[in-house]
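Fold and contact review
Below, each chain spelled out in residue letters.
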Amino acid sequence: MKKSILTSCLVFAMVLLSSLALSLPAFAANAGSQQAPAARSARAFKNACAQARKGRASCLALVSTTTVLKPNGKALGAHPNASSPGGSAPYSPANLAAAYNLPTNAGTSQTVAIVDAQDDPNAEADMNTYRSQFGLPACTSSSGCFSKVDQNGGTNYPAADGGWAEEISLDLDMVSAICNNCHILLVEANSASFSDLGQAENTAASLGANEISNSYGGGESSGDSSTCNSYYNHSGVVITASSGDGGLGVESPADCGNVVGVGGTTLNSDGSETAWSSAGGGCSSYIGEPSWENSGVTNCGNRAVSDVSADADPNTGVYVYDTYQQGGWLQVGGTSASSPIIASVYALAGGGSNDAASIPWGRYTSGCLNQVGGQTYQYQAGLGSPNGTGCF
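Our subject in this report is the structure included herewith.

Rules of the game
Residues numbered from 1 in each chain as written. Predicted model: local features only at pLDDT ≥ 70, side-chain atom pairs only at ≥ 80, totals over all residues. Heavy atoms only, no water. Phe/Tyr/Trp six-rings, centres within 6.5 Å; stacked < 30°, edge-to-face > 60°. Helix = DSSP H or I, 4+ residues; strand = E, 2+ residues; numbered from the N terminus. Buried < 20%, exposed > 50% of the residue type's maximum accessible area, 1.4 Å probe, protein only. Lys NZ or Arg CZ within 6 Å of the ring centre and 35° of its normal. Core = buried A, V, L, I, M, F, W, Y, C linked by side-chain atoms within 4.5 Å. Contact = heavy atoms within 4.5 Å. Axes fitted to C-alpha atoms, helices over the stretch in contact; angles between N-to-C directions. Left-handed = near helix turned anticlockwise from the far one by under 90°. Nonpolar A, V, L, I, M, F, W, Y, C, P; charged D, E, K, R; others polar. Pairing = 2+ DSSP bridges. Right-handed = clockwise from strand over helix to strand, strands pointing away. Disulfide = S-S within 2.5 Å. Salt bridge = Lys/Arg side-chain N within 4 Å of Asp/Glu carboxyl O.

Below, the discussion takes up the packing of aromatic side chains. Scanning all chains against the criterion turns up eleven aromatic pairs. Measuring from centroid to centroid gives 6.2 Å for tryptophan 361 and tyrosine 364, while their planes differ by 75°, and the two rings are edge-to-face. Consider the rings of tryptophan 361 and tyrosine 377, whose centres lie 5.6 Å apart with planes at 40°: the pair is tilted. Taken together, the residues span a long stretch of sequence, with tryptophan 361 in helix α9 (residues 358-363) and tyrosine 377 in the loop between β18 (369-370) and β19 (385-386) at a distance of 16 residues. No difference in accessibility class separates tryptophan 361 from tyrosine 377, as the two residues are buried. Across the ring face of tyrosine 157, the terminal group of lysine 148 is positioned such that the distance to the ring centre comes to 4.4 Å.

Next up, the structure:
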């Protein structure tokens, strides 16, 4: 009898263990499926433009490979109620204004120009969809707020290109986000060659731009001094340029002495910032140190890039609306975002200086910059990000 009971118990135990063994893989599979939404929330990003060949530039936008959800609600407003972004990426105009202590709905007579290559046929319509979503005033060609020209100032626009259209949408949306009432001028170069982009730069200045943002770059060369003097030096005009998205290293035109080299940060939802590890920056091989830079701060005997910075990490990126070969709302980053942000902060401050890069260097100890990661200077983040407009 005892043997029979023992045998029955052993059989029961074996069946139970077998049942558990069979159920464990199913449990593991279910646990994995429960984690899947968290895994899906991590976005993938792509370069909007192909890597530049020698003598040409590449746009520096990093774009989500899928569209994102439309921002909740209509007219989210541009009035921050916190000193931090107050939300998670992608960030809205209100988030950026809060993070950088900027005035909102500020009135200004400034014209911010965007220089890019190729054409975005939907530029004006897409920008105004973005502006409408966030409760910003319309900016149209019929009202005189928005203008689009080719590199010679006419309407013979270049061929459309999906990658550069993403870049154009990012640039226009960031100017809209930061300087709500600025006039906006889009100048489209025939190609991504520095000669065409440079011609577009000169056209932007000749048409009265107070600030010009350049969200592109190419490798340094021994001819950079000539290029800088020919295209990126205009009296009374603030010129900004992205430092790059390939990690430490210097790109042009951010290396030009009269250009504000704009690096990139990771902007966390609590308002803290660290230098974005993929932002460009470094010590120029060809451009000498401007008189206003401090080699004791930069540890560089030549031109040091960057000067200042703003959000660029695509994982803490911004909302952008683009419908040319895209599906609408995107999350976008790259130093392509930080350059138009900084150009627009100069517009809020009144603009009007072709040695604009010297301004933050002369004032950075006064508290008008956020020290990124607690550091006074880093190549990838420069002297810091805006804390109001006092350093611009």
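Before going further, it helps to examine the nonpolar core. The biggest cluster of nonpolar side chains holds 95 residues, and the ones touching the most others in it are Leu96, Tyr130, Leu172 and Ile212. Each residue touching tyrosine 130, except ones within four places of it in the same chain, is listed here: Pro93, Leu136, Asp173, Met174, Ser176, Ala177, Tyr319, Tyr321 and Trp329.

With that settled, the discussion passes to helix α3 (residues 123-133). Along α3, the residues that are buried comprise Ala123, Asp126, Met127, Asn128, Tyr130, Arg131 and Gln133. Each element contacted by the buried residues of α3 is listed here: α2 (93-99), β5 (146-150), α4 (162-178), β6 (183-189), β16 (318-322) and β17 (328-333). Positive phi appears at glycine 135, one or two residues downstream of α3, with a value of about 70°.

What follows is about the packing of α4 against helix α8 (residues 335-349). Contact geometry of α4 with α8 gives a least axis separation of 8 Å together with a crossing angle of 30°. Like other packed secondary-structure pairs, α4 and α8 cross with a definite hand, here right-handed. Contacts between α4 and α8 involve Glu167, Leu170, Asp171, Met174, Val175 and Ile178 on the former and, on the latter, Ser336, Ala337, Pro340, Ile341, Ser344, Val345 and Leu348. Residues belonging to the contact of α4 with α8 are distributed by class as follows: nine nonpolar, two polar and two charged.

This paragraph deals with the pairing of β6. Along β6, six of the seven residues are buried, which leaves the element largely enclosed by surrounding structure. In terms of strand pairing, strand β4 (residues 111-117) meets β6 through seven bridges, oriented parallel. By the bridge assignment, valine 115 is partnered in β6 with valine 187. The pairing of β5 with β6 spans five bridges and is classified as parallel. By the bridge assignment for β6, lysine 148 is matched with leucine 186. Note that the unit made of β5, α4 and β6 has a crossover that is left-handed.

A few words on the state of the cysteines. According to the stated counting rule, one finds six disulfides in the structure shown. Covalently, cysteine 49 is tied to cysteine 59 through a disulfide, its sulfur atoms 1.9 Å apart. Disulfide cysteine 49 to cysteine 59: torsion about the S-S bond roughly 100°, handedness right-handed. Of the two residues, cysteine 49 sits in the loop between β1 (45-47) and β2 (58-59) while cysteine 59 sits in strand β2, which places them ten residues apart along the sequence. With a relative accessible area of 10%, cysteine 49 lands in the buried category. By relative accessible area, cysteine 59 is classed as buried at 4%. One disulfide bridge connects cysteine 368 with cysteine 391, the sulfur atoms lying 1.9 Å from each other. In this structure, the disulfide formed by cysteine 368 and cysteine 391 twists by about 55° around the S-S bond and is classed as right-handed. Linking cysteine 368 in the loop between α9 and β18 with cysteine 391 in the segment after β19, this pair joins segments that are 23 residues apart in sequence. Like cysteine 368, the residue cysteine 391 is buried in the burial classification.

Right, let's talk about unusual backbone geometry for a bit. The amide bond that connects serine 252 to the next residue, proline 253, takes the cis arrangement and shows omega of 15°. Relative to the helices and strands, proline 253 resides in the loop between β10 (251-252) and β11 (260-267). For the bond running from valine 305 to serine 306, omega is 20°, close enough to zero to count as cis. Of note, serine 306 is situated in the loop between β14 (302-305) and β15 (308-311). The phi angle at asparagine 299 is positive, at roughly 55°, despite the residue not being glycine. Here asparagine 299 shows up in the loop between α7 (295-298) and β14.

Turning next to the pattern of salt bridges. A side chain with one charge can pair with a side chain of the opposite charge if their charged atoms come near. For the structure shown, the criterion picks out four salt bridges. Between lysine 148 and aspartate 119 there is a salt bridge; the shortest N-O distance is 2.8 Å. Separated by 29 residues along the polypeptide, lysine 148 in strand β5 and aspartate 119 in the loop between β4 and α3 bring together distant segments of the chain. The residues lysine 148 and aspartate 119 share a single accessibility class, namely buried. Across the pair arginine 303 and aspartate 307 runs a salt bridge whose closest N-O atoms are separated by 2.9 Å. No difference in accessibility class separates arginine 303 from aspartate 307, as the two residues are buried. Among the charged side chains, a network of salt bridges with common partners joins Glu293, Arg303 and Asp307.

Counting through the fold element by element, cysteine 228 comes out in helix α6 (residues 224-231). Residues in contact with cysteine 228, not counting those within four places in the same chain, are Asn233, Asp255 and Cys256.

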